[in-house]
Amino acid sequence: MASLLKVENLKVSYRLRNRDLTAVNGVSFSVERAQAVGLVGESGSGKTTVALAALRLLPANGSVSEGRITFDDRDLITLPDEELSRIRWEGISMVPQNSMSSLSPAHRVRTVFRDVLMAHFSGSEEEAEARISRAVELANFPKKALEFYPHQMSGGMRQRALIALSLLCEPKLVIADEPTTALDVIVQRQIMDEMRDLRSKVEASLLIITHDIGVVSEYCDIMVVMYAGMVFEYGPTKEVIHDPRSPYTKLLLKSHPLLFDTTKEIIEIPGDPPELESIPGGCPFVPRCPYSQSICKEAEPPLTHVSGNHFARCHFV
Amino acid sequence: MSQEIILQGVILSEVRYDISSENKSSTSEILAVEDLKKYYPVRRGVADLLRRSKKVQVKAIDGVSFTVNEGRVYGLVGESGSGKTTTGYTIMGLENPTSGTISFQGKTLSAKEHKHAGLSLKLRMIFQNPYETFDPRKTLWQTFSEILQVAGLGSRPERRQMSLDALSRAGLRPAASYIDRFPSELSGGQLQRAAIATALVVEPVLLIADEPVSMLDASIRAGVMNLLLNLNRQKKMAILLITHDLSVAWYLCDYLIVMYLGRIAEKGPAEQVLQNPRHPYTAALISASPMVDKAKWNFVAKGEVDSNIDLPKGCRFHPRCPFATDICREQEPAPEVAGDGWSYWCHHPLSVQKLKN
Amino acid sequence: MSGSKTAIFGFGVLLFFAIMAVSVQFLPVPNPNALNFQAFLPPSLAHPFGTDYLGRDVFSIVLWGSRAALAVGIISAGISAVIGIVVGAVAAYYGGWVDDVISRVVDVFLMIPVFFLILIVVAIFGGNIFYTMAIIGVTIWPSNARLMRAQILSLKEMTFVKALRSYGVGGFSILFRHLLPNGVAPVITNTMLQMGAAVLIEAGLSFLGLGDPRVVDWGRTIYLGEPYIAIAWWISTIPGAFLALLVLGLNLLGDGLNQVFRPRMRGSK
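What you see is a predicted model, and the numbers here were worked out from it, not measured in a lab. (Residues numbered from 1 in each chain as written. Chains lettered and ligands numbered in written order. Predicted model: local features only at pLDDT ≥ 70, side-chain atom pairs only at ≥ 80, totals over all residues. Heavy atoms only, no water.)

A. Looking closely at the overall build of chain B. Scanning chain B from terminus to terminus reveals 13 helices and 12 strands. Scored against the burial criterion, the 357 residues of chain B give a buried share of 54%. Look at the contacts in chain B between residues 6 or more apart in sequence, and 66% of them connect residues 24 or more apart. Carbon and sulfur atoms provide 50% of the accessible area of chain B, an area that totals close to 15,100 Å². (Helix = DSSP H or I, 4+ residues; strand = E, 2+ residues; numbered from the N terminus. Buried < 20%, exposed > 50% of the residue type's maximum accessible area, 1.4 Å probe, protein only. Contact = heavy atoms within 4.5 Å. Areas by Shrake-Rupley, 256 points an atom, 1.4 Å probe, with all protein chains shown as cover.)

B. Molecular detail of the interface of chain B and chain C. The interface is formed by 20 residues belonging to chain B together with 18 residues belonging to chain C. Note that Arg177 of chain C is salt-bridged to Glu146 of chain B, the shortest N-O span being 3.8 Å. Put simply, chain B and chain C have eight residue pairs in polar contact (both at pLDDT 80 or more) between them. Counting residues per element, the side of chain B that touches chain C draws most heavily on helix H5 (residues 140-151) of chain B, at four residues. (Salt bridge = Lys/Arg side-chain N within 4 Å of Asp/Glu carboxyl O. Polar contact = N/O pair within 3.5 Å; in protein donor to acceptor, adjacent residues only side chain to side chain.)

C. Just the interface of chain B and chain A, in detail. On the chain A side, the residues contacting the 43 residues of chain B number 37 residues. When the two sides are added together, the surface that chain B and chain A hide from each other amounts to roughly 3,300 Å², 59% of it contributed by carbon and sulfur. Of all residues in chain B, the largest losses of buried area upon contact with chain A belong to Trp250, Met291 and Glu304 of chain B, amounting jointly to 22% of the total for that side. There are three salt bridges connecting chain B and chain A. (Buried area = accessible area lost by both parts, 1.4 Å probe.)

D. The packing of aromatic side chains, seen in detail. Residue and element names in this part refer to chain C. For the structure on display, the rule yields 29 aromatic pairs over all chains. Note on Tyr93 and Tyr94: the rings are 5.2 Å apart at their centroids and 90° apart in plane angle, and the pair reads as edge-to-face. Of the residues examined, Tyr93 reaches a relative accessible area of 15% and is grouped as buried. Residue Tyr94 is classed as partly exposed on the basis of its relative accessible area, which comes to 44%. Aromatic side chains Phe207 and Tyr223 sit 6.3 Å apart centroid to centroid with 75° between the ring planes, which places their arrangement in the edge-to-face category. Taken together, the positions of Phe207 in helix H9 (residues 185-207) and Tyr223 in helix H10 (residues 218-225) put the pair 16 residues apart, joining distant regions of the chain. (Phe/Tyr/Trp six-rings, centres within 6.5 Å; stacked < 30°, edge-to-face > 60°.)

E. Quick peek at the nonpolar core. Counting residues in hydrophobic clusters, the biggest one holds 129 residues, and the most contacted among them are Leu31, Phe66, Ile91, Leu167, Leu206 and Leu252 of chain B together with Leu179 of chain C. With eight residues, the top contributor of residues to this core is helix H8 (residues 218-235) of chain B. Judged by nonpolar contacts, the second largest core, of 64 residues, contains Ala145, Leu253 and Cys296 of chain A together with Ala218 of chain B. (Core = buried A, V, L, I, M, F, W, Y, C linked by side-chain atoms within 4.5 Å.)

F. Geometry of the packing of helix H2 (residues 58-94) of chain C against helix H8 (residues 171-183) of chain C. Residue and element names in this part refer to chain C. Relative orientation of the contacting elements H2 and H8 amounts to 120°, with a least axis distance of 11 Å. Considering the angle they form, H2 stands oblique to H8. The element H2 and its partner H8 pack so that their crossing is right-handed. Residue-level contacts link Ile85, Ala89, Val90, Tyr93 and Tyr94 of H2 to Gly171, Phe172, Ile174, Leu175, Leu179 and Leu180 of H8. Considering only residue class, the contact of H2 with H8 consists of 10 nonpolar, one polar and no charged. (Axes fitted to C-alpha atoms, helices over the stretch in contact; angles between N-to-C directions. Parallel < 35°, antiparallel > 145°, perpendicular 65-115°, else oblique. Left-handed = near helix turned anticlockwise from the far one by under 90°. Nonpolar A, V, L, I, M, F, W, Y, C, P; charged D, E, K, R; others polar.)

G. Representation of the environment of Tyr74 of chain B within the structure. Residues and elements named next belong to chain B. If you trace the backbone, Tyr74 turns up in strand S3 (residues 73-77). Spatially, the C-alpha atoms of Tyr74 and Lys267 are 9.9 Å apart, while their sequence positions differ by 193 residues. If sequence neighbours within four positions are ignored, Tyr74 has contacts with Thr67, Val68, Asn69, Ile239, Leu240, Leu241, Cys253, Tyr255 and Ile257. Separated by 2.8 Å, the side chain of Tyr74 and the backbone nitrogen of Asn69 make a polar contact.

H. Molecular detail of the pattern of salt bridges. All names here are of chain A. Using the criterion set out here, one finds 36 salt bridges over all chains in the structure. Note that Glu170 is salt-bridged to Arg131, the shortest N-O span being 3.8 Å. Here Arg131 lies in helix H5 (residues 125-138) and Glu170 lies in the loop between helix H6 (155-167) and strand S7 (173-177), a separation of 39 residues in the sequence. Here Glu170 falls in the partly exposed class, since its relative accessible area comes to 46%. Of the charged contacts in the structure, one is a salt bridge between Arg160 and Glu194, with a shortest N-O distance of 2.9 Å. With Arg160 in helix H6 and Glu194 in helix H7 (residues 185-201), this residue pair connects regions lying 34 residues apart in the sequence. The burial state of Arg160 is the same as that of Glu194; both residues are buried. Connected via shared salt-bridge partners are Arg110, Arg114, Glu125, Glu129, Lys143 and Glu147.

I. Spotlight on the packing of helix H4 (residues 114-125) of chain C against helix H5 (residues 129-140) of chain C. Residue and element names in this part refer to chain C. Following both chains from N to C, one finds H4 and H5 inclined at 150°, their axes separated by 10 Å at the closest point. As far as their axial angle goes, H5 and H4 are roughly antiparallel. Both H4 and H5 take part in a crossing whose hand is right-handed. Facing Val114, Leu117, Ile118, Val121, Val122 and Phe125 of H4, the residues of H5 in contact are Tyr131, Thr132, Ile135, Ile136, Thr139 and Ile140. By residue class, the composition of the contact of H4 with H5 is 10 nonpolar, two polar and no charged.

J. Structural context of helix H7 (residues 159-167) of chain C. Extensive coverage of H7 of chain C is indicated by the burial of eight of its nine residues. All buried positions along H7 of chain C are accounted for by Thr159, Phe160, Val161, Lys162, Ala163, Leu164, Ser166 and Tyr167 of chain C. Considering only its buried residues, H7 of chain C is in contact with helix H3 (84-92), strand S6 (123-126), H5 and helix H7 (188-200) of chain B together with helix H6 (142-155) and H8 of chain C. Gly168 of chain C occupies a position one or two residues after H7 of chain C and carries a positive phi of about 95°.

K. Fine view of the state of the cysteines. Summed over all chains, the structure comprises zero disulfides over all chains. Of the cysteine sulfurs around Cys315 of chain B, a residue in no disulfide, the closest is that of Cys328 of chain B, at 6.1 Å. (Disulfide = S-S within 2.5 Å.)

L. Up close: the sheet that holds strand S6 (residues 92-95) of chain A. Residue and element names in this part refer to chain A. Spatially, the eight strands line up as an open sheet ordered S6-S7-S8-S3-S9-S10-S12-S11, and their pairing is mixed. Since the sheet does not close on itself, it has two edges, and those belong to S6 and strand S11 (303-307), each with one partner. Within the sheet, the average angular offset between the axes of one strand and its neighbour, ignoring direction, is 20°. As judged from the two bridges shared by strand S10 (residues 230-236) and strand S12 (residues 310-313), these two strands associate in the antiparallel manner. Looking at the pairing, Glu233 lines up with Ala312 of S12. Sitting on the sheet, H6 touches S6 and S7, and the angle it makes with S6 is about 175°. (Pairing = 2+ DSSP bridges.)

And the structure:
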């Protein structure tokens, strides 16, 4: 069966006053049915731009200059607006990062749920109510809190409301953009556990966009490491964590402090994440890479096959 | 030495106070915080005044005591609402305590003392958001020059040299190419290094670091953490690290002070506290950390942090604690000693067995 | 883009009048007070803007009048800016009862119909242009104070203020050396708009006959030419057009600066 979401050689650029900036530069990956994929990267890696492009929510000055995004074999980039709006919510839904600004402060949560259902669901009153009940139950959102306004809820509750909302139309794919970044650590854990349990209850795939390797390593089947708008490593999470092949992934893992790590040693990566304005030619990681050779400055390394479904971008994989 | 003997002897039950200052390789105490409280009044509307409702307060810190020794790294950990940042601000004199005392190098700090410039030579703070730490209209040199001027240090060329040295030690090399830049011309990591340099320039005895890496990109966190560790090792600078991230605390801290809703839940030597926590809240924080052994650390606390206004009666953690019993709902736990410099506040402390079940 | 263009156009207009005001004494124009010519001469090569009912050269009046207009604008708005910045900044930074008292005073000023207050004061003290400038300045500052207060209120919560306090920098220095420069942009913008308003208020006073008779002034020329508008349109209309142009230029400069400053504020965050 074909992949649920397939991103092929995606290039996205932002038009600025006097030049174009390439934010996503030839990204390919896929999300299979009932799979959790983690898109991990630092600021400027292009991870959020990929998600926005998939939902066709790029800002006005951004555009897909090359490549294809297909969902259920339909091309999302060329799809007419009416069909796209049906795919949003019913096919793909999104859990945004900032739960406070993502819920209307002037409306009860129930009103928001009703509005979404009105636009996408034509069943009876009872069926609609049943859907809401099911969604809030799945997301572990207390039903009585449907009568609350956003400011009456804690951060965790609001995030659960948004998760319930994203499940309302029984989508096939949920895209979560930094779903727990703004929350306290214990609540983060609760919500991520709940999202993992969800996948055994509903047949939905999950695309998590995050800067946190910890989240990806524990909750995703596949991880996609992005740097400077490119995929640097792609593969089954366990394999990537235990046997990273691109220097960037290697160093990123070594620079990550781990509780109970007995060596108590972390390695620093020199330099800063690249700015879109000045991504060097050749391999964009060269200025920070301790293993770089002369070829790295000259040629962009290809995404090389490592084993099975594991790929890494480096001249010396 | 004598204290050690007492500790290993029989009268353990009588030692109910913080004894971190008497640990083995004893160094001298530089900071003592005692029964610190910070309450904020909640601004009330006209309706509340008419109804003559009770005066409402946010109890950000509610009776916190600990000591800091020379050259050690202390971690003040907890979730939002724990009061960890307010504690840092109050020590720094950025907030006035409601009650309690703060003594630094043997002197009790009053509100006046905090304003005295001499103190800023020995006690410094760096902040969570490096992007807002500097006046956006001043170059680094202008900021550094002002810091040194306020402290009354050096002539103009001397100040310039001191600033260059500090930037260089903070890892901004060559310092001359950074010193005349505006904050907007530096990256987040560079700004946090520059912020550390604003502390280094006077070589303080104690550095309070409020979430110094939480806003930085993953790949540059390690550099800033290593820098802090090196300063501690080489300059014997004590650090009070405020963080929510136990993996950062594991890596940097000698001692931990775990706070929950304005109170200390547990404090003691970092490795012991983390490997064998006595307070269920400490265990919950560990279990929530990424990539820990999930077979051992499966202790997920219920719900969320309660409000600082309507504090739970009894033990403040009881609404989230699976071991809570009637006594927890009614009576605040008294401090218990778990070991050398290690105490906790819990009616039903954890043992290793309890965790595994 | 459009913001900076607007600002540049407005600045060009202001520069035009500034050059006019500075260079007028060196220009070969007749004395604006001299009654040397025939009255009601229409515009011609000798008198580009014609002559008024007493035979004075309107072109010369327009040129010399720019001095009074600019002086009123700059001094009145300047007084307003200084009072507004200091009062607003002090209220916001020190807060508490200081803020409460100042905010109530500002509210009172905002309730007063300013033009009538000025009218009464000028009617009592006579049409001295310096009084006029001062009274305009001390009545229009509240909007500046409110802007400054709002700016400082948001800026003082920023981390760098905590950092400065932790270095031991004093409150006065933090307020005037760090917060003010970062927050003053909207006040500068508002000051440009207030310059235009001040010029209009002064012209309005003169039009009502409360101007300073010793000063060559557009408003008074408009006022004195008004009875003859049917037979000699140029006496009132041309100074009126210049007045409108100056006010328009100042408003465009203010609006333009407003748009130019905004992205910089975002960038600093």
